[in-house]
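Residue-level listing of the chains:
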Amino acid sequence: MEQIKESNLNKPITSKFLLTFTMPTILSFVIMGIFGTIDGVFAARGISQEALGAINFVMPFFTFTMAIGAMLSMGGSALVAKKKGGKLHQEARENFTLLTLVTFATSTIISGGSWLFRRPLLQLLGTSADVFDLAMEYLQPLILMMPFIMAGLFLVQLLIAEGRPMLSMFASSSGAVVSTALNAVFIFVFDMGVLGLALATGIGYAVPAIVGVSYFALNRKGTIFFVRPKWDIKALGRSSLNGISEMVTMMATTVTTIVMNNVLVHIVGWEGVAAAGIILAAQTIFSSLYFGYSAGIAPVVSYNFGKKRRYGTEGELRQERQDNLQMLYKKSLVIVAALSVIALIGTQVFADLLVRIYVSPNDPFMGHLHEMAVRGLRIASTGFVLMGFNVFATAWFTAFNDGLVSGFMSLMRTMVFTLVLLVTLPRVWGIDGAWFALPLAEVLSITVTVFFLVRMGRKYSYRAGHRQEKTLSAAHGGSPLTSGEG
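Treat the numbers as computed from the prediction; the structure is a model and nothing was measured. (Residues numbered from 1 in each chain as written. Predicted model: local features only at pLDDT ≥ 70, side-chain atom pairs only at ≥ 80, totals over all residues. Heavy atoms only, no water.)

1. Topic: the overall build of the protein chain
Just so we agree on the cut-off: Starting at the N terminus, helices and strands are each numbered in turn, a helix being any DSSP run of H or I of at least four residues and a strand any DSSP run of E of at least two. We call a residue buried when its accessible area falls under 20% of the maximum for its residue type, exposed when it is over 50%, and partly exposed in between, using a 1.4 Å probe and counting protein chains only. Should any heavy atoms of two residues lie within 4.5 Å, those residues are counted as being in contact.
What the protein chain contains, in helices and strands, is 20 helices and zero strands. Within the span of the protein chain, comprising 486 residues, buried residues form 61% of the whole. Sequence-distant contacts, at least 24 apart, represent 81% of the contacts inside the protein chain between residues at least 6 apart.

2. Description of helix α6 (residues 132-144)
This is how it is decided: A helix is expected to span 1.5 Å multiplied by its residue count minus one.
Relative to the 18 Å expected for 13 residues at 1.5 Å per residue, α6 spans 19 Å between its end C-alpha atoms, a close match to the ideal helical length. Listing the buried residues of α6 in full gives F132, A135, M136, Y138, L139, P141, L142 and I143.

3. Looking at helix α8 (residues 165-189)
Residues spaced three or four apart along an α-helix point in a common direction, a consequence of the helix completing one turn every 3.6 residues. The end-to-end C-alpha distance of α8 is 35 Å, a good match for the 36 Å that 25 residues give at a rise of 1.5 Å each. At the C-terminal side of α8, D191 shows a positive phi close to 50°.

4. Things to note about the packing of aromatic side chains
We count it as follows: We call Phe, Tyr and Trp rings a pair once their centres come within 6.5 Å, taking the six-membered ring for Trp, and we label the pair stacked below 30 degrees between planes, edge-to-face above 60, and tilted otherwise.
The tally for this structure, following the rule as stated, stands at 22 aromatic pairs. With a centroid separation of 4.7 Å and 45° between ring planes, the pair formed by Y329 and Y462 is classed as tilted. Of this pair, Y329 sits in helix α13 (residues 314-356) while Y462 is found in the loop between α18 (457-460) and α19 (469-475), placing the two residues 133 residues apart along the sequence. The class for Y329 is buried, based on a relative accessible area of 10%. Classification of Y462 by relative accessible area gives buried; the value is 0%. A network of ring pairs unites the aromatic residues F305, Y329, F392, W396, F397, F400, Y460 and Y462 as a single cluster.

5. A few points about the packing of helix α16 (residues 403-429) against helix α17 (residues 431-455)
Rule in force here: For helices, the axis comes from a line fit to the C-alpha atoms of the stretch in contact; other axes are also lines fit to C-alpha atoms, and the angle between any two N-to-C directions lies between 0 and 180 degrees. To sort the angles, those under 35 degrees are grouped as roughly parallel, those over 145 as roughly antiparallel, those from 65 to 115 as roughly perpendicular, and the leftovers as oblique. Crossing handedness is read from the near helix: turned anticlockwise from the far helix by less than a right angle, it gives a left-handed crossing, and turned clockwise, a right-handed one. Residues are grouped as follows: nonpolar covers Ala, Val, Leu, Ile, Met, Phe, Trp, Tyr, Cys and Pro; charged covers Asp, Glu, Lys and Arg; every other residue, Gly included, is treated as polar.
The geometry of α16 relative to α17 is characterised by a closest axis approach of 7 Å and an angle of 150° between their N-to-C directions. Classed by the angle they form, the pair α16 and α17 counts as roughly antiparallel. Both α16 and α17 take part in a crossing whose hand is right-handed. Looking at side-chain class alone, the contact of α16 with α17 contains 19 nonpolar, four polar and three charged residues.

6. What to know about the pattern of salt bridges
Side-chain pairing between opposite charges can occur once the charged atoms of the two side chains come close. Stated formally: By salt bridge we mean one thing: a side-chain nitrogen of Lys or Arg within 4 Å of a carboxyl oxygen of Asp or Glu.
Following the criterion strictly, the structure yields five salt bridges and no others. Here D432 and R375 are joined by a salt bridge, their closest N and O atoms 2.6 Å apart. With D432 in helix α17 and R375 in helix α14 (residues 367-380), this residue pair connects regions lying 57 residues apart in the sequence. Relative accessible area serves as the criterion here: at 15%, D432 is assigned to the buried category. One salt bridge in this structure joins D402 and K459, with 3.9 Å as the shortest N-O distance. Remark: K459 occurs in helix α18 and D402 occurs in the loop between α15 (384-399) and α16; sequence separation between them is 57 residues. For D402, a relative accessible area of 6% corresponds to the buried category. Using a relative accessible area of 13% as the deciding quantity, one classes K459 as buried.

7. Looking at the environment of F132
Of note, F132 is situated in helix α6. On a C-alpha basis, the gap between F132 and L122 in space is 7.7 Å, while along the polypeptide they are 10 residues apart. Excluding residues that lie within four positions of it along the chain, F132 makes contacts with R119, L122, Q123 and T127.

8. Concerning the confidence of the model for the protein chain
To keep things clear, this is the line we draw: A score between 0 and 100, pLDDT records how confident the predictor is in each residue.
Looking at the protein chain, pLDDT values average 79 and 86% of them are 70 or higher. Of all secondary-structure elements in the protein chain, the lowest mean pLDDT belongs to helix α20 (residues 480-483), at 34, while α17 reaches the highest, 91. Between residues 1-6, whose pLDDT stays under 50, and residues either more than four places distant or in other chains, the model counts seven contacts. For the stretch residues 309-313, pLDDT sits under 50, and the model shows seven contacts to residues farther than four places along the chain or on other chains.

9. Brief notes about the environment of S114
Residue position: S114 is located in helix α4 (residues 89-116). Distance from S114 to I143, taken between C-alpha atoms, is 6.7 Å for residues 29 residues apart in sequence. Once you skip the residues sitting within four places of it in the chain, S114 turns out to touch F61 and I143.

10. Points about a nonpolar patch on the surface
Stated formally: Patch membership needs two things, relative accessible area over 30% and no salt bridge, and members are linked within 9 Å if like-charged or within 5 Å if nonpolar (Val, Leu, Ile, Met, Phe, Trp, Tyr). Accessible surface area values rest on a Shrake-Rupley calculation with a 1.4 Å probe, where residue burial reflects the displayed protein chains alone.
On the surface, a cluster of nonpolar side chains totalling about 460 Å² of accessible area is made up of V341, I345, V349, F350 and L353. Note that F350 resides in helix α13. The exposure class of F350 is partly exposed, given its relative accessible area of 41%.

So this is what it looks like as structure tokens:
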């Protein structure tokens with residue numbers, strides 16, 4: 001009989017365990033958030049402000065393609081971790097291998113199609129004529145390297161599901177360091193301009209793919225590793241639906257960015273697009289705190305939700321699962337609240353410093369861009385406290401394999417509320433309306449979040465006093481709409 005060591009996900013639910021397990025993922029997200037701004041910094045400081053505007057026009061496409069990887073990685077992670085909890089190890093490996101191949105194949109198709117239609121693509125993104133050539137120069141290498149970028153995104157999340165968050169952090173951080181070093185070399189040594197930025201970014205994102213493939217191909221002592229895949233359309237469907245909220249969030253970010261860019265271009269020109277790029281990049285650094293926690297805790301939730309009886313009675317298992325989920329829920333709310341407050345305070349205090357990284361207030365030509373970005377950042381970040389809970393809630397339901405609920409929440413938050421406010425508020429408040437649209441969307445979204453967290457507490461038994469019958473049914477089968485396995 002196959003002997004498998006006890007999973008790192010199977011630990012008593014204490015605050016110490018939650019922080020210890022998720023801290024590498026939090027740090028990984030923060031590091032990636034910091035280094036994710038590097039292209040903008042090098043563009044603004046090493047090339048020109050026009051280059052900064054050009055790459056910000058391309059970013060929505062980059063986000064769109066990454067959304068597919070996010071869907072498969074978060075949804076696949078939830079499915080694999082749940083099967084680990086149920087001791088279905090061979091199924092977990094087969095599903096993992098299949099999802100890895102599907103991720104690579106899908107990204108290859110996207111890459112080929114995008115290359116054929118790259119000029120219409122830039123036009124669709126609203127790229128202004130004065131920076132069109134620069135945007136094209138930045139776009140082309142990213143298109144060609146997209147399969148490796150998406151594979152890296154997928155594998156770092158599956159390393160967490162395997163109970164190896166430190167290795168996941170190492171893979172992500174290594175890629176960020178490589179990208180930064182190559183940016184400096186390509187820009188300041190070889191004077192490659194935005195082409196160098198794109199190459200450095202693509203290579204940096206490919207590093208996690210190399211680490212992930214090496215680990216899962218060579219390490220046969222863990223629970224998950226590459227095996228001969230078995231075609232399982234049901235597993236693909238579940239993973240896709242499970243991760244739909246992450247895909248909706250990132251795709252909506254793409255749409256929102258495009259709409260915002262078009263709004264700002266009409267109000268203040270390409271400089272408004274540059275300001276928005278600075279604001280979103282600066283926000284990413286601090287919002288990475290609760291994004292990282294939500295991604296890090298999700299496999300633990302999935303694992304405990306998928307537990308099957310291995311000892312004692314079914315009643316003992318039911319109580320163990322219910323107690324663990326309730327502890328995860330209560331402690332996570334406290335941790336997310338603390339991280340959200342830290343993010344809010346950090347952004348407000350360091351807004352000026354963050355913007356100075358891109359542009360100096362003393363620049364005789366770009367000083368007004370600094371002022372615009374600082375004001376916009378302080379306004380936009382006021383929604384951080386509520387955003388933390390909204391982000392956590394979608395990851396929470398994804399972890400239960402309930403893609404319908406998490407997807408609906410993401411759709412309302414990122415597409416409906418944000419877009420409606422983004423289209424209407426600038427007509428009343430001008431450029432400030434664009435910045436206020438972001439926090440006001442979080443205010444509207446928190447009502448949806450609270451509704452579902454309360455409503456679904458009985459079904460998944462994560463709120464004290466709720467019975468376990470429906471959760472037990474969900475864990476062992478049932479229809480997609482009632483079991484949470486959708």
